[in-house]
Amino acid sequence: MIIDFLLREHRNIDLLLVALQRELEIFEHGARPDYEVIRAIISYFEVYPEVYHHPQEDLIFSKLRTRDPDAAAIVGDLAHEHQEVIDRLHHFAQAIDAILADREILRQDVGNIVRDFILRERHHMMWEERDFFPAAVKALSAEDWTEIASARTDHGDLLFSETAEATSDALRAHILQLEQEAEAERSSVAFSSAMAGKPPDGAKADGP
Ligand SMILES: [Fe+2]
Ligand SMILES: [Fe+2]
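The structure presented is a predicted model; accordingly, all values stated were derived computationally and were not measured. (Residues numbered from 1 in each chain as written. Chains lettered and ligands numbered in written order. Predicted model: local features only at pLDDT ≥ 70, side-chain atom pairs only at ≥ 80, totals over all residues. Heavy atoms only, no water.)

A. A look at the coordination of the iron ion (ligand 1). At this site the iron ion (ligand 1) is bound by Glu-57 (OE), His-82 (NE2), His-124 (NE2) and Glu-128 (OE), with donor distances of 1.9 to 2.2 Å. The site at the iron ion (ligand 1) holds four donor atoms, and with the angles between them running 82 to 171 degrees, its shape is irregular. Of note, the iron ion (ligand 1) draws all its donor residues from one chain, in the sequence arrangement E-x24-H-x41-H-x3-E. The distance between the iron ion (ligand 1) and the iron ion (ligand 2) is 3.2 Å, with Glu-57 acting as a donor to both metals. With His-82 in helix α4 (residues 78-100) and Glu-128 in helix α5 (residues 107-139), this pair connects stretches of sequence that are 46 residues apart. Pair check on accessibility: His-82 and Glu-128 agree, each one buried. (Donors = N, O, S within 2.8 Å, 3.2 Å for Na, K, Ca; no water. Tetrahedral: all angles 85-135°; square planar, octahedral: opposite > 155°, others 65-115°. Helix = DSSP H or I, 4+ residues; strand = E, 2+ residues; numbered from the N terminus. Buried < 20%, exposed > 50% of the residue type's maximum accessible area, 1.4 Å probe, protein only.)

B. Spatial organisation of empty space enclosed by the protein. Counted by the stated rule, this structure contains six cavities of 30 Å³ or more. Of the volumes computed, that of the largest cavity is approximately 80 Å³. Every residue along the wall of the largest cavity is listed here: Leu-20, Glu-23, Leu-24, Phe-27, Pro-33, Tyr-35, Ile-38, Phe-92, Ile-96, Val-110, Gly-111 and Val-114. Those elements that provide at least two residues to the lining of the largest cavity are α1 (2-28), α2 (35-67), α4 and α5. In terms of residue count, the dominant contributor to the lining of the largest cavity is α1 (four residues). Looking at the lining of the largest cavity, its residues break down into ten nonpolar, one polar and one charged. Of the pockets and cavities examined, the second largest cavity occupies roughly 60 Å³. (1 Å grid on protein atoms, 1.4 Å probe; cavity = no way out; pocket = protein on both sides within 12 Å on 5 of 7 lines; lining within 4 Å. Points joined across faces, edges and corners; volume = space filled by probe spheres on them. Nonpolar A, V, L, I, M, F, W, Y, C, P; charged D, E, K, R; others polar.)

C. Looking closely at the coordination of the iron ion (ligand 2). Here the iron ion (ligand 2) is held by the protein donor atoms His-10 (NE2), His-53 (NE2), Glu-57 (OE) and Glu-128 (OE), which lie 1.9 to 2.2 Å from it. Around the iron ion (ligand 2) sit four donor atoms; with metal-centred angles ranging over 78 to 166 degrees, the donor geometry is irregular. Positions of the donor residues of the iron ion (ligand 2), expressed as sequence spacing, correspond to H-x42-H-x3-E-x70-E.

D. Local environment of the environment of Leu-140. Along the chain, the position of Leu-140 falls in the loop between α5 and α6 (142-149). The class of Leu-140 is buried, set by a relative accessible area of 9%. Expressed as a C-alpha distance, the spacing of Leu-140 and Leu-100, which sit 40 residues apart in the sequence, is 47 Å. Not counting residues within four places of it along the chain, the set of residues in contact with Leu-140 comprises Ile-60, Lys-63, Leu-64, Arg-67, Trp-145 and Ile-148. (Contact = heavy atoms within 4.5 Å.)

E. Representation of the packing of aromatic side chains. The full count for this structure, using the stated rule, is seven aromatic pairs. Both rings, one in Phe-45 and one in Phe-117, keep their centres 5.3 Å apart while their planes meet at 85 degrees; by these two values the pair is edge-to-face. Highlighted residues: Phe-45 in helix α2 and Phe-117 in helix α5, separated in sequence by 72 residues. Residue Phe-45 shares its accessibility class with Phe-117, and that shared class is buried. (Phe/Tyr/Trp six-rings, centres within 6.5 Å; stacked < 30°, edge-to-face > 60°.)

F. View of the nonpolar core. Ranked by internal contacts, the top residues of the largest apolar core, which has 54 residues, are Ile-60, Leu-64, Phe-92 and Phe-132. Broken down by secondary-structure element, the contributors of at least two residues to this core are α1, α2, α3 (69-75), α4, α5, α6 and α7 (162-195). Among the elements that take part in this core, α2 stands out by supplying 13 residues, more than any other. (Core = buried A, V, L, I, M, F, W, Y, C linked by side-chain atoms within 4.5 Å.)

G. A look at α5. Under the 1.5 Å per step criterion, the end-to-end length of α5 is 47 Å for 33 residues, consistent within 8% with the ideal 48 Å. Where α5 bends most, the angle comes to about 40 degrees, and this point is Glu-128. (Expected span 1.5 Å × (residues − 1). Bend = angle between axes of the 7 residues up to and from the residue.)

H. Structural context of unusual backbone geometry. With phi around 65 degrees, Asp-102 is a residue other than glycine that occupies positive phi space. Turning to its location among the elements, Asp-102 is positioned in the loop between α4 and α5. Classification of Asp-102 by relative accessible area gives exposed; the value is 69%.

I. Molecular detail of the pattern of salt bridges. Within this structure, the stated rule accounts for 18 salt bridges. The closest approach of N and O atoms between Glu-165 and Arg-8, which form a salt bridge, is 2.3 Å. Residue Glu-165 is found in helix α7, and its partner Arg-8 is found in helix α1; the two are separated by 157 residues along the sequence. Between Asp-144 and Lys-63 there is a salt bridge whose closest N-O contact spans 3.8 Å. (Salt bridge = Lys/Arg side-chain N within 4 Å of Asp/Glu carboxyl O.)

If you want it as structure tokens, here you go:
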């Protein structure tokens, strides 16, 4: 059902957050993270959650409001939460652009922005899983779910479509592959440096 689909997407988003967290650790150790991975993660968030995932949830929430306004009020303000998610993503993207363009920005501030993005993204998903989804499952009828399943995006594509899902799966697999390659590269540099008896290149502050 639709909620299972959304839960699966949450797990998938979390895989990307794990990769992002790894790059953040590298950055916070004063080394250069893999910006290709970070930019690809930003692009993923700009498309799939914004174009598909949030509109699906917004639709479910508007049904919940109709079916059980009290339950919807207890859940909170989903539209506001989603706006905050978008704002945090833009803030994160701007910080990465600034560092790549060599603009003046404190490394510590960039680290804080990325950490905040990861933390609050996880918090948002946990809140939905704990409060929002169970309330919707309880209040919505079978017809409501059928109606939601046939909803379309602004461009006329189905909100829940196998094509969108397959593209999102392929992009995510590509990002995770890039992350694996970045890790393998870092391990091999660290190993060569250890064999040569010198600190790994990645350990020096060679920013950005
Ligand atoms: Fe959401
Ligand atoms: Fe969600």
